[in-house]
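The residues making up each chain are set out below.
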Amino acid sequence: MTNPNLTELREKSMRLPLVPGVYIMKDLRGDIIYIGKAKVLKNRVSQYFGSQANHSEKVRQMVAHAADFDYILCASEFEALILECSLIKQNRPKYNILLKDDKGYSYIRITNEDWPRIKSVKQKTEDGSTYLGPYISAFVPNQSVDAALKIFKLPQCNKAFPYEAPNRRPCLNYHLGQCSAPCCGKISHEDYLAAVQEAVEFLKGGTKPYVAQLETRMQEYAENLEFEKAAEVRDRMNAIRRLTERQKVVSSGSGSTDVFALAREDENICFNVLRFSDGMMTSSEHYFTDLDETLPHTRAEMLKRYYTLHDDVPHRILLDGETEDLELLESWLSELAGRKAAVSVPQKGKPLELISMSKNNAYEKMAQTHHRSKQDTAVIELGELLGLSAPPEFIESYDISHTAGADAVGGMVVFKNGVPHKASYRKFLIKEAQGGDDYGSMKEVLTRRFERYKAESEELLNSGGDPDDARGFARKPDLILMDGGMGQVHAAEEVLQDLGVDVPVFGMVKDDKHRTRAIVSDNGEIAISPHRKVFSLVTGIQDEVHRYAISFHRQKHTKAVRHSSLTDIPGIGPKKSETLWRTFKTLDAIKRADIDTLAKTPGISTADAVNIKKYFHFDQR
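Residues numbered from 1 in each chain as written. Predicted model: local features only at pLDDT ≥ 70, side-chain atom pairs only at ≥ 80, totals over all residues. Heavy atoms only, no water.

**Student:** In this structure, what is going on with the pattern of salt bridges? I would like to understand it.
**Tutor:** Should the charged atoms of two oppositely charged side chains come close, the side chains can pair. Taken as a whole, this structure holds 26 salt bridges when the rule is applied. One salt bridge in this structure joins E525 and R517, with 2.2 Å as the shortest N-O distance. Classification of R517 by relative accessible area gives partly exposed; the value is 35%. The residue E544 makes a salt bridge to R547 at a minimum N-O spacing of 2.9 Å. (Salt bridge = Lys/Arg side-chain N within 4 Å of Asp/Glu carboxyl O. Buried < 20%, exposed > 50% of the residue type's maximum accessible area, 1.4 Å probe, protein only.)

**Student:** Please clarify how the side chain of N272 should be interpreted in this entry.
**Tutor:** Mapping N272 onto the fold places it in strand β9 (residues 268-277). A distance of 3.2 Å separates the side chain of N272 from the side chain of H286, its partner in a polar contact. Other than its neighbours up to four places away in sequence, N272 contacts V259, F260, A261, S284, E285, H286, S358, N361 and A362. (Helix = DSSP H or I, 4+ residues; strand = E, 2+ residues; numbered from the N terminus. Polar contact = N/O pair within 3.5 Å; in protein donor to acceptor, adjacent residues only side chain to side chain. Contact = heavy atoms within 4.5 Å.)

**Student:** Help me understand the packing of aromatic side chains in this model?
**Tutor:** What characterises a pair of aromatic rings is the spacing of the ring centres plus the angle enclosed by the ring planes. With the rule as written, the count across this model stands at 13 aromatic pairs. Through a chain of ring-to-ring contacts, three or more aromatic side chains come together here, namely F260, Y287, Y306 and Y307. Across the ring face of F69, the terminal group of K12 is positioned such that the distance to the ring centre comes to 4.6 Å. Across from the ring centre of F473, 5.4 Å away, lies the NZ or CZ of R426, which sits over that ring. (Phe/Tyr/Trp six-rings, centres within 6.5 Å; stacked < 30°, edge-to-face > 60°. Lys NZ or Arg CZ within 6 Å of the ring centre and 35° of its normal.)

**Student:** Can you help me understand the nonpolar core in this one?
**Tutor:** The tendency in soluble globular proteins is for nonpolar side chains to be buried side by side. Core analysis: the biggest nonpolar cluster contains 27 residues, and I118, F152 and L154 have the highest contact counts within it. The element best represented in this core is helix α7 (residues 189-205), accounting for seven residues. Not counting residues within four places of it along the chain, the set of residues in contact with I118 comprises I108, R109, I110, V145, L149, L154, V196, A199, V200 and L203. Formed by 26 residues, the second largest nonpolar core is a distinct cluster that contains L99, V313, I317 and L319. (Core = buried A, V, L, I, M, F, W, Y, C linked by side-chain atoms within 4.5 Å.)

**Student:** How should I be thinking about the state of the cysteines in this particular structure?
**Tutor:** Each disulfide is one covalent bond, formed between the sulfur atoms of two cysteines. Using the criterion set out here, one finds zero disulfides in the structure. Cysteine C171 shares no disulfide, and the gap to the nearest cysteine sulfur, in C179, comes to 5.2 Å. Free of any disulfide, C184 has its nearest neighbouring cysteine sulfur in C183, separated by 3.7 Å. Residue C184 is classed as buried on the basis of its relative accessible area of 18%. (Disulfide = S-S within 2.5 Å.)

Worth remembering: the numbers are spatial, not functional.
What follows is the structure, encoded as structure tokens:
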């Protein structure tokens, strides 16, 4: 869709001043469709109305619907950032990131029954129950209810109670000390209601305030010599501490941390946000949006929108990649928090593990939402990790196998959408490279493969075929993974460059225990162990290509040994040798056969049979 006002808008943008400010895009009806800030208004706004080739689909759509724009001059880019956030919050323009959550609010429900139940629910209904909430993330009510039920020994099942059956036995939770078994009459109605009331107080106040209340109560019981009650309170405090310790994810340290990581499929983005306080995860949230120009720009927009709506800015924010305006964002967030708020992209240690956890959550949510398999999401994540323009649908992998340079072969395996595509596997006999020259052998294999690609794809094109329907050697892979380090990568790149074929090439390297460790390229190693799905995919590819190449080598080597053991006999060539092996199956059976039996073999004369018996007779002396 072409904007008829594009020339006019471009001319207007070129008249803008070279100062910081906020620009406001409007459609034909005068509705605000996008708000942005700029360090230099003229430079930023004019980019929209120039070439559309480098714009994301979202930006192209916005430009296509823009009929006019306004702008507000600011004293600094920081002032423009604050004004931009305020205006977006007020107007919620269509093409700004607006944090589309994947779900509604969640609640904690305390049912209105004689024996009340406590549950986490996604909807609030007029049923007479008491509700706590709403909660933006389902993580908080789910975790809180689970903890409350265990600490106060309330039922987690759906059994009816009280139940009068005399032979009813308590479930496992009762024996684990996590349920008071009201279904079996193990607790009085009065004590049950008291436990429910305490659980509600715990849910309203949180862990720390409630533990402080318990400590005060325990001291009062002890001073009044009510030691049994003091012991009960002590046990309850210990139960709370054990549960909260289990939930600790961040290593020791105070303060709060938010972790942002994204999953990307084409221009669809899913952000996961993990929130931690005092070492404990308190929330896991997901938001869906579209790519906004670039990933660094999208991350910056996500942070601005998120903390415009959330006033509890943490002490530190961890990101899974670069963001625009890092220093500017840190200043703005620090001003919002009234203290220092640090934004960083971790490279190692526990922070990197948290990024990996968040990214895995993002890809899992995207897979669920788009009904993707684990293989699909692994391929998408691999494409992002390697910086490819799109997920690699077809991945080819190569390996060379030989025994001390003898019987060298090459194997090619193909993975389609993360799954082995065995119909496309190919075997190569090494014909020219000298024994033991792995790099030379790899060049020979790739040269033959991609010469076939050029010939067959050209034939397909000349016949009027669709390149998208190409099969076998006529189809170019989206990615090549070599079983080896940079030597194999350079060998492949040299062949592709000579043939004028453009395919990204990476190597797969193993550690000293022969386990897949990383992916390598000219830019160094790319760690894959934190990326669970990618690690499984790459390990599977490396194991499969090694298995395929070595099995072909063993087959060829065994056949060569079999042939050499018979072709030394006068009159027995490769064809007769193959016939004998096919008839007798084993060398021992050939040795034991008499002359008449051997002579009955098709193609074997009596003279041949005599020579065979003589050969093995003298060989055994």
